[in-house]
Every structure is written in structure tokens, then in C-alpha cells.
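# Coordinate inspection notes
One letter stands for each residue in the lines below.
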Amino acid sequence: MGEQLSPDEKLHLITRNLQEVLGEEKIKQVLAERELKVYWGTATTGKPHVAYFVPMSKIADFLKAGCEVTILFADLHAFLDNMKAPWELLALRVQYYEQVIKAMLESIGVPLDKLKFIKGTEYQLSREYTLDVYRLSSMVTEHDAKKAGAEVVKQVDHPLLSGLLYPGLQALDEEYLKVDAQFGGVDQRKIFTLAEKYLPTLGYAKRSHLMNPMVPGLTGSKMSSSEEESKIDLLDRKEDVKKKLKKAFCEPGNIENNGVLSFVKHVLFPLAGEFSIKRDPKFGGDKIYTNFEEVEKEFSEELIHPGDLKASVEVALNKLLDPIRKKFESPELRKLTNLAYPDPSKNKGPGKGNPKAAEDDELVPSRLDIRVGKVISVEKHPDADSLYLEKIDVGEAEPRTVVSGLVAYVSQEALQDRLVLLLCNLKPQKMRGVESQAMLLCASIEGDPRRVEPLDPPEGSAPGDRVYVEGYETGKPDDKLNPKKKVWEKLQVDLKVSADCVAQWQDKHLMTKLGNITCKTLKGGNIS
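Residues numbered from 1 in each chain as written. Predicted model: local features only at pLDDT ≥ 70, side-chain atom pairs only at ≥ 80, totals over all residues. Heavy atoms only, no water.

Rule in force here: UniProt positions are given in the numbering used here, feature names are shortened, and annotations may be inferred rather than shown by experiment.
Per an unreviewed UniProt entry, the protein chain is named Tyrosine--tRNA ligase, and its organism is Esox lucius. Among the UniProt annotations of the protein chain, the heading Sequence similarities (unreviewed entry) holds the following wording: "Belongs to the class-I aminoacyl-tRNA synthetase family." Quoted straight from UniProt, the Catalytic activity (unreviewed entry) entry for the protein chain says "tRNA(Tyr) + L-tyrosine + ATP = L-tyrosyl-tRNA(Tyr) + AMP + diphosphate + H(+)".

## With respect to the packing of aromatic side chains
Let me state the cut-off plainly: Only rings of Phe, Tyr and Trp enter the pairing, Trp through its six-membered ring, and a pair is recorded when the two centres are within 6.5 Å. The plane angle decides the type: under 30 degrees is stacked, over 60 is edge-to-face, the rest tilted. The helix count covers DSSP runs of H or I at least four residues long, the strand count covers runs of E at least two residues long, and both are numbered beginning at the N terminus. For each residue, the accessible area found with a 1.4 Å probe, counting protein chains only, is set against the maximum for its type, and the residue is called buried under 20%, exposed over 50%, and partly exposed in between.
Enumeration over the complete set of coordinates arrives at eleven aromatic pairs. A centroid spacing of 6.4 Å and a plane angle of 85° characterise the contact between W40 and Y52, whose relative ring orientation is edge-to-face. With W40 in strand β2 (residues 37-43) and Y52 in the loop between β2 and α3 (53-64), this pair connects stretches of sequence that are twelve residues apart. With respect to burial, W40 and Y52 carry one shared label: buried. Seen from their ring centres, Y472 and W505 are 5.8 Å apart, and the 90° between their planes marks the pair as edge-to-face. Of this pair, Y472 sits in the loop between β18 (466-469) and α18 (487-492) while W505 sits in strand β20 (residues 503-505); the two residues are 33 residues apart in sequence, bridging distant segments of the chain. Using a relative accessible area of 5% as the deciding quantity, one classes W505 as buried.

## Some thoughts on the side chain of H266
Here H266 lies in helix α11 (residues 259-272). Owing to a relative accessible area of 9%, H266 belongs among the buried residues under this scheme.

## Here we look at the nonpolar core
Note the threshold: The nonpolar core is taken to be a set of buried Ala, Val, Leu, Ile, Met, Phe, Trp, Tyr and Cys residues, with the residues joined through side-chain atoms within 4.5 Å. Each domain's extent is set by a domain assignment, obtained either automatically or from a database. In what follows, residue pairs with any heavy atoms lying within 4.5 Å of each other are defined as contacts.
Core analysis: the biggest nonpolar cluster contains 71 residues, and F53, I59, I101 and L309 have the highest contact counts within it. With eight residues, the single largest contributor to this core is helix α5 (residues 90-107). Both domains that meet at this core, namely domain 1 (7-212) and domain 2 (238-340), each give it at least three residues. For F53, the residues in contact, after removing those within four places along its chain, are M104, S107, I108, L234, F263, V267, L320, L321 and I324. In terms of nonpolar packing, the next biggest core, distinct from the first, is built from 30 residues, V153, Y166, A195 and Y198 among them.

## Structural notes on the sheet that holds β2
The line we're drawing: Strand pairing is assigned whenever DSSP detects at least two bridges linking the two strands. Between N-to-C directions, angles cover 0 to 180 degrees, with each direction set by a line fitted to C-alpha atoms, over the stretch in contact for helices.
Sheet architecture is open: six strands sit in the order β1-β6-β5-β2-β3-β4, paired in mixed fashion. The open sheet has two free edges, formed respectively by β1 (20-22) and β4 (115-119), since each of these has just one partner strand. Ignoring strand direction, the axes of neighbouring strands in this sheet form an average angle of 20°. Judged from the five bridges that link them, strand β3 (residues 68-74) and β4 form a sheet pairing that is parallel. Residue pairing across strands places L72 opposite I118, the latter belonging to β4.

## Side note on the domain arrangement of the protein chain
By domain assignment, the protein chain separates into domain 1 (7-212), domain 2 (238-340) and domain 3 (365-527). Distance between the C-alpha centres of domain 1 and domain 3: 47 Å.

## Observations concerning the confidence of the model for the protein chain
Test applied: The pLDDT score gives, residue by residue, the confidence of the prediction method on a 0 to 100 scale.
Summing up the model confidence of the protein chain, the mean pLDDT is 86 and the portion of residues at 70 or higher is 90%. The low-confidence segment residues 222-226 (pLDDT under 50) makes 22 contacts with residues lying over four places distant or belonging to another chain. Here residues 348-359 is a poorly scored stretch, pLDDT under 50, and it has five contacts once near neighbours within four places are set aside; other chains count.

## Focus: the pairing of β2
Within a regular strand, side chains alternate between the sheet's two faces. Summarising burial for β2: five of the seven residues are buried, a large majority. Bridge count for β2 against β3 is seven bridges, and the pairing is parallel. Paired with T42 across the two strands is F73, which belongs to β3.

## So, the pattern of salt bridges
Which entries qualify depends on this criterion: Any Lys or Arg side-chain nitrogen found within 4 Å of a carboxyl oxygen on Asp or Glu counts as a salt bridge.
Applying the stated criterion to the full structure yields 27 salt bridges. Its salt-bridge partner being E175, residue K178 comes within 2.7 Å of it at the nearest N-O pair. Here R237 makes a salt bridge to E239, at a shortest N to O gap of 3.2 Å. According to the relative accessible area criterion, E239 is partly exposed, its value standing at 43%. Through salt bridges that share partners, D369, R371, E396 and R400 make up one connected network.

Right, dumping it as C-alpha cells:
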């Protein structure tokens, strides 16, 4: 790979889509003489998610350019980073990472025989490396060590000494892996500059550094293993992928902090060289794009609907995830997954004799505070063209403010004075600066993002009427649903519209004292 390419062509492949390169001239000098040696390291902490396809696609670029690539499973770093990986789980986490990273690389067609895999503790516990850690510790100030790890090491009120060692070890890895360059996210820039400053003081060569941009998560912030709502796991089921993409921040025309668009740019285009939008002919029909700039331009001009973009990314993403899911269906890898990432609820179950704790863990629909509401007013969101603010009476002293995009499907006039359904005990969330105090419940059709309808209470309903699931009439709703418990997310999976257009949970009707909750036309739809 790379034999037929000129040094300039290799440099283009190595540096395309990167946010920053430190030491580019040194890379040019190496390429003029031989192939570049690069390493990418990953601390074996939380489960890898789909953002890991970004470095994987760059590793594919490195191999196309003829680079010698080493992948480091940084197990010792995982422990040093505020003990994100407990010592007794380190070996299991490394095994899991090795299996899942190799499965990712295979899913995008990267030949594994061209890569070198190494575990940190294979050399980081040696006498020579340990002495270098001490030598480096005598030169690096506490201020520099803390500053270097600020965006990578978990920040806590009372940091452990181990977190200060982390950046120095990462710097030393460049020497002990005998590479010309280290590749990582731009969040590691301060660690890279620390390495450039201090390795020469130990008598070692200064290396070059290649930095990827940080891909926004589904909520618009950095995609993180520790933030469930911001990420799609590599082993998520297709229905989970659909649900998470549906909730992803993807405002019409907004190309900033858009995780869905970023995935198209940094994963799908580098791997496939094109991207296909699937949509109804009356909305422009299917279209194949051969460069990202055209996708971005048409999205910014609202020629591509967010629902069509999400649906098309969903298809492409599932093609990447299918071989990984299939590999992890084996009993051996299922067992490895469970051992490396044990379910915390099995260790922290409700205390003996504590019925309240047991009740809090029970997953029943009566925990949802769903009420009938009446739309009093509808007005545009001051900072988002696609969002509207609805004031909705739910039988309380003051109406609740709800932020939604429903006006894209139901006209402003049709919403005025309409009876709707609200989920009232979610934690309030700010949406573009305005707090949304409830969720408007609607029906939608899978695969057709433009078909959305609000649910209808029975005739004669009044604001504040409680909605319950047949058979769960007497349960008391939580005051506030704990977002960490994912109660709504777990219950919502079983909310559907029947063939008779009746809202149901696990085939049991949603109803008020006056009758069933319905929708007008979306038979078989999902409810969210």
C-alpha cells in the first residue's frame, strides 16, 4: 500500500481531514526517505462508540499512504486516569478493546496484517521505562502536568497523583514505540506539546503530531463513553440506533456542533467517497453526493431535511455496525463483554428490606406523569427557526412552556387551542437557551421522518386529566424521572400505535377516564 504514491500524495492522505499538524516539515523529510511510522493509542476505559470510526478511517488513510501503524491499547493509562478502569478489570478491558477495534477495522476493509498491536503494560513496567518516568517527573512541574492533561484526564475536586503521571507516560510512549508521529484527537494537543518540550530534555527526538477534530456527540457536545445520551455504542441494536439518531441535535440549516453531519464528513466520505440521501420523490428523490461540501451547503440552505439526513446516516451506519454485531453474537465475546463491563445494578441492587429502593427500580408505565394539555399559544423560538414555544395548560396554576418542532408537521393555527398529550415529569431541558418544561407526545412512522402527528385525547377531556396504561391505573408517577435510570427511554420502546390507531404500551391501551388515546392516521407508528 502506498508504493505507487509520491511523497506529496502520501502527505495528502496522511493529513486530510485533520484539524492540525505539528511538525509537518519533519514528516515531509521522512517521506522523502522512507515510510512514516505512526502510532494511535486508546485508553481501555468505557466501551468504544461510533466516534471511534473517525480514527479508524484515518488509520485506513495511513495504511493507504504506506505508513507503518501501531495501535496501543493503553491499559496502564486507563487505570491512571482516575481509575476509570479498575485494576482487576484491566486485562478484560484490553481483550474487549482488541476484539472490538479489530472488528471495526475489518468492517471498513482495513487489513489487520498491516498493523501492529501492543499493550501498554508490555513495556511500561520495564526497568528502563520506569527510570524514564522518574527522570521526567524530576523535570515536569505539577502545573505543566495538570495543564497537559486538562482535556483528557478526568477532572475532579481532589485529583489523584496518578492523573499527573498520565501525560508524561504518553510522551514517553513515542520513544518506546520508536515512531515518527503520534496521532490523536485535538483534545490531546497539550499532551503533544508537553512531549515536544520534554522528550528532547531526556535526549530523545521530538516527534510530529497529527490531530483529528473532535466529533460532536448526538447532543451537540463531545461524544463521550461516559455520557449515554451523546453516543451510539458499537453493539447498539438497530432500533436503539434509530431512537438515538431521532433524538440527535440536527436543527434545519444549522451546521455547527452537528454530530450527524460530522459523522458524514469524517467517517462516511473518507471510507466510501460518496454519500447517498434517500427520500421521497416529492421532496427531491434520492441523490448521491460525491463531496461533503455539497451536502453541507444543501443542508445549510435547508434543501436536505434533518429527518432525511438522519435516515440516510442510519442506513450507512448500520452497514458498518452489522459485522461488528454479528461477531459479538458469539458466546465467547458475549461473555467477555459482560465480564469486562459488569452490570453495576447487579452489584448495587436495592438494599435488603428496602421496598422504596425496589419500587424505584421497577419499570412500570405508571411512573410516567402523562397528562392532557391544551395549547394556549404558539410562537417562534427566538434563536431557532425550526423550533416553536408552546404554552400549554396542564391543569396547574401556570401553563408550561414546551419547546418543539411540531409546527413543521402541524400548522401553527391547527395547534392553537388543541388538546394534546404531555409527559410532565422529565427533567426540564434547555433547548437553544429556552427551558422546555415537558415533552409533547406524538406518533411517527419509522423510515418516514416527515410523518408526525400529535396524539389525541378522548372527546370531553380537560387540561390536567391523567393518562394511564390499562391495568396500571393505581400506580403513582415519579415526582421527577431520574435521567440516569433511563426510565422514559426504556418504557418508550414499547409505546406504539395499533392497527386501529389506538395508542398502546405492550398492547395495553393508553387511556383517560373518558376513553382511549388515539391518533388520526399513523397505524403502526411509534410514540415519542
